Every structure is written in C-alpha cells, then in structure tokens.
Amino acid sequence: ELKVEQNPLFLSMQEGKNYTIYCNYSTTSDRLYWYRQDPGKSLESLFVLLSNGAVKQEGRLMASLDTKARLSTLHITAAVHDLSATYFCAVDKGMDSNYQLIWGAGTKLIIKP
Amino acid sequence: DTGVSQNPRHKITKRGQNVTFRCDPISEHNRLYWYRQTLGQGPEFLTYFQNEAQLEKSRLLSDRFSAERPKGSFSTLEIQRTEQGDSAMYLCASSLVLVMGLAGDHQETQYFGPGTRLLVL
C-alpha cells in the first residue's frame, strides 16, 4: 500500500531564512504534486513533477523529485510572511489505480515577520 | 471558465437531517473527485467519476453517502441522516485524463473547488 510521509509536520521560521520540506513515499510513482492550502481555504496547485530529476521553481519555492529515492523536496528560499500556509504533497498511484492521489498529512508553515 | 465551483460554501444542519452539495467542475474535465478534509489532515478520498460513471468509492464511505454526476457535468454529494462525525470540509476536484494510446494514458493536475464546510449540530 502506498504511503506518503511529510516532515516536518509543523515548521515555524523567521523571514529571510531557508528551509526544506520533505515528502517520502513508499512505492513507485512517476507523478507527484505539491499543493498549498491557506487556513479555511481550498487547495491550490503549486507544482507537478513528472520524472526523476525534475525540478520546478516558482518565486521563492522550488520543488524537486528523486524517484529512485522516492523523495520529493519543497525548498523555501528567503521566506516571507505570505508563504505561511499548509503544504501538501500528493503521489499519483498511476493508471492501474485509476490515478488516485495519496496525500501526505501536510506541513504547516508559519513564517514570522 | 473560472475554475471549480461548489455550493453551498457553508452548511449547518441538525443531526439526522439530509444535506446535498453541488460541484461544477472545469468544463472540459472528464474526471471529478470528492474528498473530505478534517482539521489538520490531508484530503481523504471519497469517490470519483469518469464522465458520468462513478468508478470507485472509498471503502470508508458509509452507505449514507451517495454521489451522482448525471450528465457528466456537475455532481452532487448527498449525506443522509447526518451525524456529528460528518462535520468536515467537503472538497471537489476535477481533472483531465488524456487517453494517449500506445504512449499511455495520464492524468493532468487536479484542480480543487473552494469546498463546502459542513457543521452537524
């Protein structure tokens, strides 16, 4: 059974610092998503990573995928308060499992001014 | 098209009542998903449709829950005889599954609606 683990689950950091959120998954997958959720809001798609070595960047966020290690990272550079949110990774189980997504528990990120 | 929409955004009901939620997906999307999310947790899969066909329901889904997508466009999720444990955010998402033949099918990103927050008193 595919399991997805995120760590840390909670992160409080100061503006201007760098940090990384990790997403480990237990079986083979070739598609991984990162989503952002603000309190009381729905989920916003950030990145989709499609292959080993994939790297995508948007502003201060950069996501990467290592399918051999079954690991994705979301790196935050020079954090700003507006990036405070909960970040979820989700792994696509693929065609044989009807493309269901298995979700991590989320990382709640608080960035203090 | 402005994305996935859901109605109502909030619903307060008394235990034992029935509630129905609606989801309007992105128009060209052929997949529609329902999820439930409680505070501090990730989304929990409930069911999904490929066009009008409901292809899978979560084993955790009670018989009190039913979903329809009659014309392959909007979908409704009904909860009968609500219980306090049903209180949650109900999320709808839609996506496009592309049939690529020999190249293999694949699913595009799931886009989420704003959710319906249900409180059962």
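Residues numbered from 1 in each chain as written. Chains lettered and ligands numbered in written order. Predicted model: local features only at pLDDT ≥ 70, side-chain atom pairs only at ≥ 80, totals over all residues. Heavy atoms only, no water.

Caption draft 1: The overall build of chain B, seen in detail. When helices and strands are counted, chain B shows zero helices and 13 strands. The order of helices and strands in chain B, counted from the N terminus, is β-β-β-β-β-β-β-β-β-β-β-β-β. Expected size for 121 residues packed as a compact globule is a radius of gyration near 14 Å; at 15 Å, chain B falls within 12% of this value. Projected onto its principal axes, the C-alpha coordinates of chain B cover approximately 50 × 30 × 30 Å. (Helix = DSSP H or I, 4+ residues; strand = E, 2+ residues; numbered from the N terminus. Rg over C-alpha atoms; globule rule 2.2 N^0.38 Å.)

Caption draft 2: The arrangement of the interface of chain B and chain A in detail. Residue-level contacts link 24 residues of chain B with 19 residues of chain A. Of all residues in chain B, Gln107, Thr109 and Phe112 of chain B give up the largest surface area on contact with chain A, accounting jointly for 26% of the area buried on that side. Run the count over chain B and chain A and you get zero salt bridges. Our count for the contact surface shared by chain B and chain A stands at four residue pairs in polar contact (both at pLDDT 80 or more). (Contact = heavy atoms within 4.5 Å. Buried area = accessible area lost by both parts, 1.4 Å probe. Salt bridge = Lys/Arg side-chain N within 4 Å of Asp/Glu carboxyl O. Polar contact = N/O pair within 3.5 Å; in protein donor to acceptor, adjacent residues only side chain to side chain.)

Caption draft 3: Region of interest: the pairing of strand S8 (residues 71-76) of chain A. Residues and elements named next belong to chain A. Looking at chain direction, strand S3 (residues 19-25) and S8 are connected through six bridges and run antiparallel. Looking across to S8, one finds that Tyr19 is bridged to Ile76. In sequence, strand S7 (residues 61-66) turns back onto S8 through a hairpin of four residues, with Arg70 there showing a positive phi of about 55°. (Pairing = 2+ DSSP bridges.)

Caption draft 4: Layout of the packing of aromatic side chains. All names here are of chain B. Under the defined criterion, the tally for this structure stands at 13 aromatic pairs over all chains. On the numbers, 6.1 Å between centres and 20° between planes, the contact of Tyr33 with Tyr35 is stacked. Looking at Tyr35, the relative accessible area reads 0%, which means it is buried. Pairing Phe65 with Tyr90 gives two aromatic rings, centres 6.4 Å apart and planes at 35°, and the pair type is tilted. Within this pair, whereas Phe65 is found in strand S7 (residues 65-68), its partner Tyr90 is found in strand S9 (residues 88-95), the two being separated by 25 residues in sequence. Exposure remark for Phe65: the relative accessible area of 3% places this residue in the buried category. (Phe/Tyr/Trp six-rings, centres within 6.5 Å; stacked < 30°, edge-to-face > 60°. Buried < 20%, exposed > 50% of the residue type's maximum accessible area, 1.4 Å probe, protein only.)

Caption draft 5: Quick peek at the state of the cysteines. As enumerated under the stated definition, the model contains two disulfides over all chains in all. Two residues, Cys23 of chain A and Cys89 of chain A, share a disulfide whose sulfurs are 2.0 Å apart. Measuring the twist about the S-S bond at about 80°, one finds the Cys23 of chain A-Cys89 of chain A disulfide to be right-handed. Of this pair, Cys23 of chain A sits in strand S3 while Cys89 of chain A sits in strand S9 (residues 85-92), and the two are 66 residues apart along the sequence. Exposure class is identical for Cys23 of chain A and Cys89 of chain A. Each is buried. Paired by a disulfide, Cys23 of chain B and Cys92 of chain B hold their sulfur atoms 1.8 Å apart. Disulfide Cys23 of chain B to Cys92 of chain B: torsion about the S-S bond roughly -65°, handedness left-handed. Of this pair, Cys23 of chain B sits in strand S3 (residues 19-24) while Cys92 of chain B sits in strand S9, and the two are 69 residues apart along the sequence. (Disulfide = S-S within 2.5 Å.)

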